[in-house]
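Take a look at the letters that make up each chain.
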Amino acid sequence: ADFVNDSVKSVTDSLWIGLVLAIIVAVIFLRSFKASATTLITIPVTLGLTLIVLYTVGYTLNIMTLGAIAASIGLIIDDAIVVVEQIHRTHEENPDDEYKHIVQNAIHYLFPAMVGSSISTIVIFIPFIMMSGVAGAYFNVLTNTMIITLVCSFFVTWIGLPVIYLLFSNGRKK
(Lines give C-alpha, C1' and ligand atoms only; values in the text may rest on other atoms or scores of the structure.)
Protein backbone atom coordinates (compact mmCIF):
# COMPACT_ATOMS: atom_id res chain seq x y z
CA ALA A 1 0.00 0.00 0.00
CA ASP A 2 2.87 2.37 0.77
CA PHE A 3 4.43 1.72 -2.65
CA VAL A 4 1.15 2.48 -4.42
CA ASN A 5 0.56 5.63 -2.36
CA ASP A 6 4.13 6.81 -3.02
CA SER A 7 3.71 6.13 -6.73
CA VAL A 8 0.43 8.04 -6.93
CA LYS A 9 1.98 10.93 -4.97
CA SER A 10 4.95 10.97 -7.34
CA VAL A 11 2.71 11.10 -10.41
CA THR A 12 0.53 13.78 -8.80
CA ASP A 13 3.62 15.86 -7.97
CA SER A 14 4.84 15.48 -11.56
CA LEU A 15 1.43 16.58 -12.83
CA TRP A 16 1.51 19.73 -10.68
CA ILE A 17 5.10 20.57 -11.64
CA GLY A 18 4.32 20.08 -15.33
CA LEU A 19 1.19 22.20 -15.02
CA VAL A 20 3.04 25.05 -13.31
CA LEU A 21 5.86 24.97 -15.87
CA ALA A 22 3.36 24.94 -18.74
CA ILE A 23 1.52 27.90 -17.24
CA ILE A 24 4.76 29.86 -16.86
CA VAL A 25 5.73 29.17 -20.47
CA ALA A 26 2.25 30.12 -21.72
CA VAL A 27 2.26 33.42 -19.82
CA ILE A 28 5.77 34.30 -21.01
CA PHE A 29 5.05 33.63 -24.67
CA LEU A 30 1.47 34.91 -24.95
CA ARG A 31 2.35 38.32 -23.45
CA SER A 32 -1.30 39.23 -23.01
CA PHE A 33 -3.36 39.02 -19.86
CA LYS A 34 -6.54 38.14 -21.72
CA ALA A 35 -4.85 35.46 -23.84
CA SER A 36 -3.02 33.98 -20.85
CA ALA A 37 -6.07 34.03 -18.59
CA THR A 38 -8.29 32.50 -21.26
CA THR A 39 -5.76 29.74 -21.91
CA LEU A 40 -5.16 29.08 -18.22
CA ILE A 41 -8.86 28.89 -17.37
CA THR A 42 -9.40 26.23 -20.02
CA ILE A 43 -6.97 23.91 -18.21
CA PRO A 44 -9.00 23.37 -15.02
CA VAL A 45 -12.25 23.35 -17.01
CA THR A 46 -10.88 20.61 -19.27
CA LEU A 47 -9.46 18.66 -16.32
CA GLY A 48 -12.74 18.98 -14.42
CA LEU A 49 -14.73 17.76 -17.41
CA THR A 50 -12.23 14.92 -17.85
CA LEU A 51 -12.64 13.85 -14.21
CA ILE A 52 -16.42 13.90 -14.57
CA VAL A 53 -16.25 11.70 -17.67
CA LEU A 54 -13.71 9.37 -16.03
CA TYR A 55 -15.99 9.01 -13.00
CA THR A 56 -18.97 8.38 -15.29
CA VAL A 57 -17.20 5.56 -17.15
CA GLY A 58 -16.06 4.03 -13.86
CA TYR A 59 -12.37 4.96 -13.81
CA THR A 60 -10.59 5.92 -10.62
CA LEU A 61 -7.57 8.14 -10.17
CA ASN A 62 -4.54 5.88 -10.26
CA ILE A 63 -1.04 5.89 -11.70
CA MET A 64 -2.25 5.25 -15.25
CA THR A 65 -5.08 7.78 -15.31
CA LEU A 66 -2.99 10.47 -13.61
CA GLY A 67 -0.10 9.76 -15.96
CA ALA A 68 -2.37 10.11 -18.97
CA ILE A 69 -3.79 13.37 -17.65
CA ALA A 70 -0.27 14.68 -16.96
CA ALA A 71 0.80 13.75 -20.49
CA SER A 72 -2.26 15.54 -21.89
CA ILE A 73 -1.61 18.90 -20.20
CA GLY A 74 0.61 20.10 -23.03
CA LEU A 75 -1.97 19.10 -25.63
CA ILE A 76 -4.69 20.94 -23.70
CA ILE A 77 -2.60 24.10 -23.61
CA ASP A 78 -1.64 23.68 -27.27
CA ASP A 79 -5.30 23.49 -28.32
CA ALA A 80 -6.14 26.62 -26.32
CA ILE A 81 -3.16 28.64 -27.57
CA VAL A 82 -3.95 27.87 -31.21
CA VAL A 83 -7.51 29.14 -30.80
CA VAL A 84 -6.50 32.24 -28.83
CA GLU A 85 -3.85 33.11 -31.41
CA GLN A 86 -6.40 32.73 -34.23
CA ILE A 87 -8.77 35.04 -32.37
CA HIS A 88 -5.97 37.63 -32.06
CA ARG A 89 -5.10 37.24 -35.75
CA THR A 90 -8.74 37.67 -36.76
CA HIS A 91 -8.94 40.77 -34.56
CA GLU A 92 -5.86 42.26 -36.23
CA GLU A 93 -7.37 41.64 -39.67
CA ASN A 94 -10.77 43.10 -38.65
CA PRO A 95 -10.09 45.63 -35.86
CA ASP A 96 -13.48 47.34 -36.15
CA ASP A 97 -15.57 44.18 -35.73
CA GLU A 98 -17.22 43.32 -32.45
CA TYR A 99 -15.53 40.62 -30.40
CA LYS A 100 -18.49 38.30 -30.89
CA HIS A 101 -18.02 38.34 -34.67
CA ILE A 102 -14.24 38.08 -34.35
CA VAL A 103 -14.52 34.99 -32.16
CA GLN A 104 -17.16 33.42 -34.41
CA ASN A 105 -15.02 33.97 -37.51
CA ALA A 106 -11.90 32.61 -35.81
CA ILE A 107 -13.65 29.45 -34.60
CA HIS A 108 -15.35 28.96 -37.97
CA TYR A 109 -11.99 29.25 -39.72
CA LEU A 110 -10.19 26.90 -37.30
CA PHE A 111 -12.89 24.26 -36.84
CA PRO A 112 -11.78 21.90 -39.64
CA ALA A 113 -8.15 22.09 -38.47
CA MET A 114 -9.23 21.51 -34.85
CA VAL A 115 -11.22 18.42 -35.83
CA GLY A 116 -8.40 17.07 -37.99
CA SER A 117 -5.77 17.69 -35.34
CA SER A 118 -7.83 16.09 -32.58
CA ILE A 119 -8.79 13.05 -34.64
CA SER A 120 -5.23 12.48 -35.85
CA THR A 121 -3.95 12.60 -32.27
CA ILE A 122 -6.67 10.22 -31.05
CA VAL A 123 -6.04 7.78 -33.91
CA ILE A 124 -2.47 7.34 -32.66
CA PHE A 125 -3.88 5.48 -29.65
CA ILE A 126 -5.94 2.90 -31.58
CA PRO A 127 -3.13 0.28 -31.66
CA PHE A 128 -2.86 0.51 -27.87
CA ILE A 129 -6.58 -0.23 -27.51
CA MET A 130 -6.09 -3.44 -29.49
CA MET A 131 -3.32 -4.75 -27.23
CA SER A 132 -4.11 -7.83 -25.19
CA GLY A 133 -2.77 -9.34 -22.00
CA VAL A 134 -1.53 -7.54 -18.92
CA ALA A 135 0.19 -4.82 -20.94
CA GLY A 136 -3.03 -4.32 -22.89
CA ALA A 137 -4.97 -3.86 -19.65
CA TYR A 138 -2.56 -1.18 -18.44
CA PHE A 139 -2.37 0.61 -21.77
CA ASN A 140 -6.14 0.40 -22.19
CA VAL A 141 -6.71 2.59 -19.14
CA LEU A 142 -3.94 5.00 -20.16
CA THR A 143 -5.18 5.17 -23.74
CA ASN A 144 -8.83 5.65 -22.84
CA THR A 145 -7.91 8.38 -20.36
CA MET A 146 -5.82 10.17 -23.00
CA ILE A 147 -8.66 9.92 -25.51
CA ILE A 148 -11.21 11.18 -22.98
CA THR A 149 -8.93 14.08 -22.05
CA LEU A 150 -8.33 15.02 -25.69
CA VAL A 151 -12.04 14.89 -26.52
CA CYS A 152 -12.81 17.04 -23.47
CA SER A 153 -10.06 19.45 -24.53
CA PHE A 154 -11.57 19.69 -28.01
CA PHE A 155 -15.03 20.55 -26.67
CA VAL A 156 -13.76 23.01 -24.08
CA THR A 157 -11.57 24.71 -26.69
CA TRP A 158 -14.33 24.74 -29.28
CA ILE A 159 -17.21 25.81 -27.03
CA GLY A 160 -15.82 27.01 -23.69
CA LEU A 161 -12.77 29.01 -24.73
CA PRO A 162 -14.72 31.40 -26.98
CA VAL A 163 -17.17 32.06 -24.15
CA ILE A 164 -14.33 32.67 -21.69
CA TYR A 165 -12.63 34.99 -24.18
CA LEU A 166 -15.86 36.94 -24.68
CA LEU A 167 -16.34 37.24 -20.91
CA PHE A 168 -12.90 38.85 -20.67
CA SER A 169 -13.80 41.10 -23.61
CA ASN A 170 -17.26 42.03 -22.30
CA GLY A 171 -18.44 41.99 -25.94
CA ARG A 172 -17.08 45.48 -26.57
CA LYS A 173 -14.97 46.75 -29.40
CA LYS A 174 -11.31 47.29 -28.71
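Participant: Describe the packing of helix H3 (residues 63-93) against helix H6 (residues 133-169), naming the residues involved and giving the relevant values.
Facilitator: Contact geometry for H3 and H6: axes closest at 8 Å, N-to-C directions at 25°. One finds that H3 runs roughly parallel with respect to H6. The handedness of the crossing between H3 and H6 is right-handed. For the contact of H3 with H6, the per-class residue count stands at 18 nonpolar, 8 polar and 1 charged.

Participant: Kindly report on H3, identifying the contributing residues and their values.
Facilitator: Helix length check: H3, at 31 residues, gives a terminal C-alpha distance of 46 Å against a target of 45 Å (1.5 Å per residue), a fit within 8%. A side-chain oxygen of the first residue of H3 lies 2.9 Å from the backbone nitrogen of Met 64; this N-cap is Asn 62.

Participant: Give a description of the nonpolar core that names residues and reports values.
Facilitator: The tendency in soluble globular proteins is for nonpolar side chains to be buried as a group. Counting residues in hydrophobic clusters, the biggest one holds 16 residues, and the most contacted among them are Val 83, Ile 87, Val 103, Met 114, Leu 161 and Tyr 165. Those elements that place two or more of their residues in this core are H3, helix H4 (99-123) and H6. If one sorts the elements of this core by residue count, H4 sits on top with 7 residues. Excluding residues that lie within four positions of it along the chain, Val 83 makes contacts with Ile 107, Leu 110, Met 114, Thr 157 and Leu 161. With 13 residues, the next largest nonpolar core counts Leu 15, Ala 22, Ala 26 and Ile 148 among its residues.

Participant: Residue-level account of H6, with values.
Facilitator: The end-to-end C-alpha distance of H6 is 52 Å, a good match for the 54 Å that 37 residues give at a rise of 1.5 Å each. The sharpest bend along H6 reaches about 40° and sits at Gly 160, with the proline Pro 162 one to four residues further on. Of the residues trailing H6, Asn 170 is marked for its positive phi of about 60°.

Participant: Provide a residue-level description of the layout of surface pockets, including the pertinent values.
Facilitator: Its boundaries defined by the atoms lining it, the largest pocket holds a volume of some 210 Å³. Listed by contribution, the elements that provide at least two residues to the lining of the largest pocket are helix H1 (2-30), helix H2 (33-56) and H3. Tallying contributions element by element places H1 first for the lining of the largest pocket, with 4 residues. Taken together, the residues that form the lining of the largest pocket break down as 8 nonpolar, 2 polar and no charged.

Participant: Would you mind going over the packing of H2 against H3 in detail, with residue names and values included?
Facilitator: As a packed pair, H2 and H3 sit with axes 9 Å apart at the nearest point and diverge in direction by 135°. Here H2 is positioned oblique relative to H3, judged by the angle of their axes. Taken as a pair, H2 and H3 cross one another with a handedness that is right-handed. Here Ala 35, Thr 38, Thr 39, Thr 42, Ile 43, Thr 46, Leu 47, Thr 50, Leu 51 and Leu 54 of H2 come into contact with H3, specifically with Ile 69, Ile 73, Ile 76, Ile 77, Ala 80, Ile 81, Val 84 and His 88. Broken down by class, the residue content of the contact of H2 with H3 amounts to 12 nonpolar, 6 polar and no charged.

Conventions we followed
- Residues numbered from 1 in each chain as written.
- Predicted model: local features only at pLDDT ≥ 70, side-chain atom pairs only at ≥ 80, totals over all residues.
- Heavy atoms only, no water.
- Axes fitted to C-alpha atoms, helices over the stretch in contact; angles between N-to-C directions.
- Helix = DSSP H or I, 4+ residues; strand = E, 2+ residues; numbered from the N terminus.
- Parallel < 35°, antiparallel > 145°, perpendicular 65-115°, else oblique.
- Left-handed = near helix turned anticlockwise from the far one by under 90°.
- Nonpolar A, V, L, I, M, F, W, Y, C, P; charged D, E, K, R; others polar.
- Expected span 1.5 Å × (residues − 1).
- Polar contact = N/O pair within 3.5 Å; in protein donor to acceptor, adjacent residues only side chain to side chain.
- Core = buried A, V, L, I, M, F, W, Y, C linked by side-chain atoms within 4.5 Å.
- Buried < 20%, exposed > 50% of the residue type's maximum accessible area, 1.4 Å probe, protein only.
- Contact = heavy atoms within 4.5 Å.
- Bend = angle between axes of the 7 residues up to and from the residue.
- 1 Å grid on protein atoms, 1.4 Å probe; cavity = no way out; pocket = protein on both sides within 12 Å on 5 of 7 lines; lining within 4 Å.
- Points joined across faces, edges and corners; volume = space filled by probe spheres on them.

Geometry only, nothing functional implied.
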